[in-house]
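Below are the chains, spelled out letter by letter.
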Amino acid sequence: MNEEILSALIRISPFIILMLVIYIFLRLKRFNANDIYLQKPNSWSRFAVWYFSFLLFILITELTLYDFGLLSVPHWHHTLLPSLIRITGMVILAPIAEELFFRGLILFRLEKLKMNRHAAILLQAALFVLAHNFTYENTMQSNIGVVQSFADATLYAYAKYHTRSLLTPMAMHMTGNVVATLEQFIL
């Protein structure tokens, strides 16, 4: 197998494993889909408000960072098949797995511990940031990434609660990752 394809498969494997583990926990009834808000939104208009507000937030943020010269994006350099694997991982698998884990399981567990909702949201956002590689670099771009990821994770959690659905932050997260992916082709 080509080294670049293997690298891409290794990169997406944690997301697939995480989704499988969550599926197994659901089947074993460790929790149920409603516990983690894995249901359609209670209001499609609320979904739309959250989704389009987030899209506007992302576009304004990215354009502002670009205008000030603070947006440093590596150019995409992968061949076709590894690109398809990586893009599928970034745009579909990562958002689903991360939302199931952070806004689903972690927030569910923190609620069971009777933690204040706002404190729980901030804690899961901090954990979300710690799970991303750029957190451990000491560059301006990585520091901006930390702030953006923390803000995103916080918004995802509030969107989940306001629409009573994990599908809302999944859609928001996918959109954010689409924008980040497109930047690597455009900028």
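Here, every reference points to the structure presented above.
Residues numbered from 1 in each chain as written. Predicted model: local features only at pLDDT ≥ 70, side-chain atom pairs only at ≥ 80, totals over all residues. Heavy atoms only, no water.

**Q** Explain the environment of Tyr-158 residue by residue, including any values.
**A** Positionally, Tyr-158 belongs in helix α5 (residues 140-163). For the pair formed by Tyr-158 and Leu-107, sequence separation is 51 residues and the distance between their alpha carbons is 11 Å. Within polar-contact distance, the side chain of Tyr-158 engages the side chain of His-118 at 2.6 Å. (Helix = DSSP H or I, 4+ residues; strand = E, 2+ residues; numbered from the N terminus. Polar contact = N/O pair within 3.5 Å; in protein donor to acceptor, adjacent residues only side chain to side chain.)

**Q** Requested: an account of unusual backbone geometry, with residues and values cited.
**A** At Lys-29, a residue that is not glycine, the phi angle is positive and equals roughly 60°. With respect to the helices and strands, Lys-29 occurs in the loop between α1 (3-27) and α2 (44-67). A positive phi is found at Tyr-37, a non-glycine position, where the angle reads about 65°. If you trace the backbone, Tyr-37 turns up in the loop between α1 and α2. Since its relative accessible area comes to 7%, Tyr-37 is described here as buried. (Buried < 20%, exposed > 50% of the residue type's maximum accessible area, 1.4 Å probe, protein only.)

**Q** Hey, could you go over the pattern of salt bridges for me, with residue numbers and the actual values?
**A** Under the definition given, this model contains two salt bridges. When the shortest N-O distance is used, the salt bridge between Glu-99 and Arg-103 registers 2.7 Å. Here Glu-99 pairs with Arg-103, and both are found in helix α3 (residues 80-112), just four residues apart, close to one helical turn. Judged on exposure class, the residue Glu-99 and its partner Arg-103 are both buried. Two residues, Arg-117 and Glu-111, come together in a salt bridge whose shortest N-O distance is 3.8 Å. (Salt bridge = Lys/Arg side-chain N within 4 Å of Asp/Glu carboxyl O.)

**Q** Please give an account of α2 that cites residues and values.
**A** The first and last C-alpha atoms of α2 sit 34 Å apart over 24 residues, in line with the 34 Å expected at 1.5 Å per residue. Every buried residue of α2 is listed here: Phe-47, Trp-50, Tyr-51, Phe-54, Ile-58, Glu-62 and Leu-65. Of the surrounding elements, those touching the buried residues of α2 are α5 and α6 (167-186). Gly-69 sits one or two residues past α2 and shows a positive phi near 75°. (Expected span 1.5 Å × (residues − 1). Contact = heavy atoms within 4.5 Å.)

**Q** Residues and numbers for the layout of surface pockets, please.
**A** A water-sized probe rolled over the atoms picks out the places where empty space is left. When its volume is computed, the largest pocket comes out at roughly 1700 Å³. Taken together, 49 residues line the largest pocket, and the ones lying closest to its centre are Met-90, His-132, Phe-134, Ala-180 and Gln-184. For the lining of the largest pocket, the secondary-structure elements that each account for two or more residues are α1, α2, α3, α5 and α6. Partitioned by chemical class, the residues of the lining of the largest pocket number 24 nonpolar, 18 polar and seven charged. (1 Å grid on protein atoms, 1.4 Å probe; cavity = no way out; pocket = protein on both sides within 12 Å on 5 of 7 lines; lining within 4 Å. Points joined across faces, edges and corners; volume = space filled by probe spheres on them. Nonpolar A, V, L, I, M, F, W, Y, C, P; charged D, E, K, R; others polar.)

**Q** Provide a residue-level description of the packing of helix α4 (residues 117-130) against α5, including the pertinent values.
**A** Taken N-terminus to C-terminus, the directions of α4 and α5 make an angle of 140°; their axes are 8 Å apart at the nearest point. Classified by the angle between their axes, α4 and α5 sit oblique to one another. Between α4 and α5 the crossing geometry is right-handed. Here Arg-117, His-118, Ile-121, Leu-122, Gln-124, Ala-125, Ala-126, Phe-128 and Val-129 of α4 lie close against α5, whose contacting residues are Val-146, Ser-149, Phe-150, Ala-153, Thr-154, Ala-157, Tyr-158 and Tyr-161. Of the residues that constitute the contact of α4 with α5, the class distribution is 12 nonpolar, four polar and one charged. (Axes fitted to C-alpha atoms, helices over the stretch in contact; angles between N-to-C directions. Parallel < 35°, antiparallel > 145°, perpendicular 65-115°, else oblique. Left-handed = near helix turned anticlockwise from the far one by under 90°.)

**Q** Outline α4, supporting the account with residue identities and numerical values.
**A** Taking 1.5 Å of rise per residue, 14 residues should cover 20 Å, and α4 covers 20 Å from first to last C-alpha, within 8% of that figure. Listed as buried for α4 are Ala-120, Ile-121, Gln-124, Ala-125, Phe-128 and Val-129. Residues of α4 that are buried in the fold lie against α3, α5 and α6. You can read the cap of α4 off the contacts: a side-chain oxygen lies 2.8 Å from the backbone nitrogen of His-118, and it is on Asn-116.

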